[in-house]
Amino acid sequence: MIPLYFHSPGLKFHTFLQRFTTYIFNPGLDRVLTFLLCCLILPALYGQSPFSFNGERVAAGTKKHFTIRVSDDQANQTVIPVTVFHGKRNGPVLGITAGVHGYEYAPILAGQKLIRRIDPTILTGTVILVQVANVGSFSGRSPYLNPLDGKNLNRSFPGHPDGSITERMANVISSNIIPRCNYFVDMHGGDAPEDLAPYAAYYQHDQKQEISEKGRKMAINLGFDHVIVFKTTSKDYMKVGSPSLYCSAEAFKQGIPAADIECGRLGMVEHIFVNKIVAGIENLLYHLEMIKGVPSPAEKIAFIDERSYITSSHDGIFYPLKSSGAYVLKGMKLGYITDFFNAPLEEIYAHESGIILYILGTPPVNKGETLATIGIIKEEE
Ligand SMILES: [Zn+2]
């Protein structure tokens, strides 16, 4: 529709402007239509307006860091550090959270690397990256719990604006971040005592087929060779009126395709896991067509939709005989527990065959705690 002479090679800008003005101001419906198309479609395709976040604007093609302050009635104060990458072109909004458990360092350090790896000048859409969701837990070196109120942020969603400090942090994420997103990933790794195998996971619900399928594709394209399916159709936390408890479950409940990453173990910083998370997020950005590139999912994926939990019947000292990632057969010995005088109390066996997703990796054990989780392989692709 636009005549060729507007973009002939070597055309000087003032000549272009002259020709364009003459073209537009000559009468004719086709020219008026062309002008309107230029005004409406080209900006939509090639540019986007600033992204409003936390009372500020992020210009297209830039990134901005935010420090969201949260406080409660007990004089507790904390912050939630967030980076927003706003691409030059219109596209989806991907939300990513690290540090919901502040002792899980691999995802937090992956987030730090992503600050430089995600280039907003070549990005389509927007990435909202929560660098450390639970600074209280991170700074206090506290596994699972926020020491400010003793609560587990990943059991506190959707939170409450007038609740304790952890409930207010959850509320900020549920109200100000998750609803802005079209896709959502919550990143975890094994907490201080958790020897964990790396995997991706997604939410599945019979009444939410479309977003379940989108979540499945996200999980696959994160590049892990084990993918857990959270079957949530009959779960209480998915029911209207029940608390969603988990960060990514809150996103899924809000109608957003959601995946989890679990990568890292025992509260350690191992660069193989940090880099695996960075590569996973880059793969996801390719898959969502937010960056040009081809995702590289694992060649073969084991899907797990059932997990077997083995719990301790005693307080004492646990000696694991297997590590995370090992494939075991039902009946294999996984470890044993002694009392404080080294007398045997209990031998621990696998109840099912499968992969050890988690095994307690440090000595203290309390009655009723999970000692190991075995993923039962459903199908392979
Ligand atoms: Zn965690």
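Residues numbered from 1 in each chain as written. Predicted model: local features only at pLDDT ≥ 70, side-chain atom pairs only at ≥ 80, totals over all residues.

A. Here's a closer look at the overall build of the protein. In terms of regular secondary structure, the protein is built from 8 helices and 19 strands. Split into buried and exposed, the 381 residues of the protein put 44% on the buried side. The contacts in the protein between residues at least 6 apart in sequence include a share of 70% that link residues at least 24 apart. (Helix = DSSP H or I, 4+ residues; strand = E, 2+ residues; numbered from the N terminus. Buried ≥ 20, exposed ≤ 12 C-beta atoms within 10 Å, placed from the backbone. Contact = placed C-beta atoms within 7 Å.)

B. Local environment of the sheet that holds strand 13 (residues 316–320). Judged by pairing direction, the sheet is antiparallel, and its 4 strands sit side by side in the order 16-15-13-18 without closing on themselves. Unpaired on one side and paired on the other, strand 16 (344–349) and strand 18 (364–365) mark the two borders of the sheet. Pairing analysis gives 5 bridges linking strand 15 (residues 333–338) to strand 16, with the strands arranged antiparallel. Pairing of Gly335 across the sheet is with Ile348, part of strand 16. (Pairing = 2+ DSSP bridges.)

C. Structural detail: helix 3 (residues 105–117). For helix 3, built from 13 residues, the straight-helix expectation of 18 Å at 1.5 Å per residue is met to within 8% by its first-to-last C-alpha distance of 18 Å. Three or more residues of helix 3 are buried, namely Tyr105, Ala106, Pro107, Ile108, Leu109, Ala110, Gly111 and Leu114. Contacts made by the buried residues of helix 3 are with strand 6 (124–130), helix 4 (135–139), strand 7 (183–188), strand 11 (258–262) and helix 8 (271–287). (Expected span 1.5 Å × (residues − 1).)

D. Main features of the pairing of strand 4 (residues 77–86). Most of strand 4 is tucked away: 7 of the 10 residues are buried. One ladder, built from 10 bridges, connects strand 3 (residues 62–71) with strand 4; its direction is antiparallel. Looking across to strand 4, one finds that Arg69 is bridged to Val79. The loop that links strand 3 with its antiparallel partner strand 4 comprises 5 residues; one of these, Ala75, has a positive phi angle of about 70°. Of the strand pairs in this sheet, strand 4 and strand 6 are connected by 5 bridges, and their pairing is antiparallel. Bridged to Val84 within strand 6 is Ile128.

E. Seen up close, the packing of helix 3 against helix 8. Contact geometry for helix 3 and helix 8: axes closest at 8 Å, N-to-C directions at 50°. Judged by the angle between their axes, helix 3 and helix 8 are oblique. Regarding helix 3 and helix 8, the two cross each other, and that crossing is right-handed. Of the residues in helix 8, those touching helix 3 at Ala106, Pro107, Leu109, Ala110, Lys113, Leu114 and Arg117 are Phe273, Val274, Ile277, Val278, Ile281 and Glu282. Partitioned by chemical class, the residues of the contact of helix 3 with helix 8 number 10 nonpolar, no polar and 3 charged. (Axes fitted to C-alpha atoms, helices over the stretch in contact; angles between N-to-C directions. Parallel < 35°, antiparallel > 145°, perpendicular 65-115°, else oblique. Left-handed = near helix turned anticlockwise from the far one by under 90°. Nonpolar A, V, L, I, M, F, W, Y, C, P; charged D, E, K, R; others polar.)

F. Just the environment of Glu369, in detail. Residue position: Glu369 is located in the loop between strand 18 and strand 19 (370–380). Residue Glu369 is classed as partly exposed on the basis of its 13 C-beta neighbours within 10 Å. Placed 57 residues apart in sequence, Glu369 and Ser312 show a C-alpha to C-alpha distance of 5.6 Å. Not counting residues within four places of it along the chain, the set of residues in contact with Glu369 comprises Thr311 and Ser312.

G. View of the pairing of strand 9 (residues 199–204). Burial runs high along strand 9: 5 of the 6 residues are buried. Sheet analysis places strand 9 next to strand 11, joined by 4 bridges and oriented antiparallel. Among the inter-strand pairings, Tyr202 is bridged to a residue of strand 11, identified as Ala259. As defined by bridge partners, strand 9 adjoins strand 10 (residues 226–231) across 5 bridges and the pair is classed as parallel. Along strand 10, the bridge assignment pairs Ala200 with Val227. Taken together, strand 9, helix 6 (residues 209–221) and strand 10 constitute a β-α-β crossover, and its handedness is right-handed. (Right-handed = clockwise from strand over helix to strand, strands pointing away.)

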